[in-house]
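# Survey of secondary and tertiary structure
What follows is the residue order along each chain.
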Amino acid sequence: MTQKADTNFKREAKRGSHDFKLACQVLDAGKICHVGFTIDDQPYVVPMAYARQGNQLLIHGSVASRLVNSLASGLRCCVTVTHFDGLVYARSTFNSSMNYRSTMVFGTARLIDDPDEKRKSIQALVDHLMPGRRADLRKSTIKELNATSLLSLPIETFSTKCRTGPPSDSKSDMDAPVWAGVVPFELTAGEPVDSPDLLPGTVRPDYL
Ligand SMILES: Cc1cc2nc3c(=O)[nH]c(=O)nc-3n(C[C@H](O)[C@H](O)[C@H](O)COP(=O)(O)OP(=O)(O)OC[C@H]3O[C@@H](n4cnc5c(N)ncnc54)[C@H](O)[C@@H]3O)c2cc1C
């Protein structure tokens, strides 16, 4: 029998949480995840787009994808979403750190084969990744839908870890005459770049 993932925090357990709402906040704030799984004793960690829908994580890929087919056949996985929030400059190398939020979801994904659920799941992905975009796009064709596999991973076994705030220096380092603090990092959208073959007069939508 396969063992359930161990989600007990070992180091810096005070930064850990099993709160569903907090996990949802971390998941909803991201666009990419890393999907970890093992085939023939070889671990793989694959970056993917994702969306959360209620208590499910949705990922998609080509019907020919090894990852998708492996997970669809019941291979256990771990999906991690990470936000890098800052570099923590402490007064020693040892206490230097990063501010972050990360959530790990463990389990077995289900292949979504009901056409209606599949279409809705693709819509949820588009709404999460490119909010506002869906209304402007044509419907996916049957051929396109058939070329895409959708997987749903229940957010049941999960953990979240966050570090925030200033450095935690040792008392013995507090006299060091070096700067200490945090340099925040943030992922932001840049200025949109028009496609070179844009139809003349096409207006940039507000949702960009
Ligand atoms: C951006 C970033 C950078 C980091 N850099 C480092 C680094 O350089 N060195 C370092 O030691 N640690 C780093 N960490 C923390 C690292 O992710 C682990 O939390 C840490 O190594 C503790 O491991 P452990 O052996 O105690 O826990 P494990 O025994 O490996 O974990 C036990 C369980 O705790 C939960 N858990 C552990 N870590 C996380 C997490 N990050 N998010 C959600 N759940 C978690 C999982 O459910 C896991 O199964 C970083 C985290 C982030 C997000």
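Predicted model only: the values in this text are computed from it and were never measured.

Glancing now at the nonpolar core. With 30 residues, the main nonpolar core has Leu57, Leu58, Leu71, Val79, Val105 and Leu151 as its most contacted residues. Valine 79 has contacts with Cys33, Val35, Leu57, Val105 and Leu153, leaving out every residue within four places of it along the chain.

When we look at burial in helix α1 (residues 20–28), the residues that qualify are Ala23, Val26 and Leu27. Projected down its long axis, α1 carries its buried residues within an arc of 100 degrees, all on one side. Counted as exposed and oriented over 90 degrees from the buried face of α1: Lys21 and Asp28. Packing partners of the buried residues in α1 comprise β4 (51–53), β5 (56–62), β6 (76–89), β7 (97–108) and β10 (157–163).

This paragraph deals with the sheet that holds β5. Strands pair in a sheet through their backbones, by hydrogen bonds, and they do so in one of two ways: parallel or antiparallel. Spatial ordering of the open sheet is given by β4-β5-β9-β8, a layout of four strands whose pairing is antiparallel. Each edge of the open sheet is held by one strand with a lone partner, namely β4 and β8 (110–111). Two elements, β8 and strand β9 (residues 148–154), share two bridges in a ladder whose sense is antiparallel. Within the sheet, the bridge partner assigned to arginine 110 lies in β9 and is serine 152.

Taking 1.5 Å per residue, 15 residues should reach 21 Å; helix α3 (residues 115–129) reaches 21 Å between its end C-alpha atoms and fits that length. Residues of α3 that are buried include every one of Lys118, Ser121, Ile122 and Leu125, and no others. Along the axis of α3, the buried positions cluster into a sector of 100 degrees, meaning they face one direction only. Structurally, α3 contributes buried residues whose contacts are with β3 (42–49), β4, β5, α4 (142–146) and β9.

Rules behind the numbers
Residues numbered from 1 in each chain as written. Predicted model: local features only at pLDDT ≥ 70, side-chain atom pairs only at ≥ 80, totals over all residues. Core = buried A, V, L, I, M, F, W, Y, C linked by C-beta atoms within 7 Å. Buried ≥ 20, exposed ≤ 12 C-beta atoms within 10 Å, placed from the backbone. Contact = placed C-beta atoms within 7 Å. Helix = DSSP H or I, 4+ residues; strand = E, 2+ residues; numbered from the N terminus. Arc of directions from axis to C-beta. Pairing = 2+ DSSP bridges. Expected span 1.5 Å × (residues − 1).

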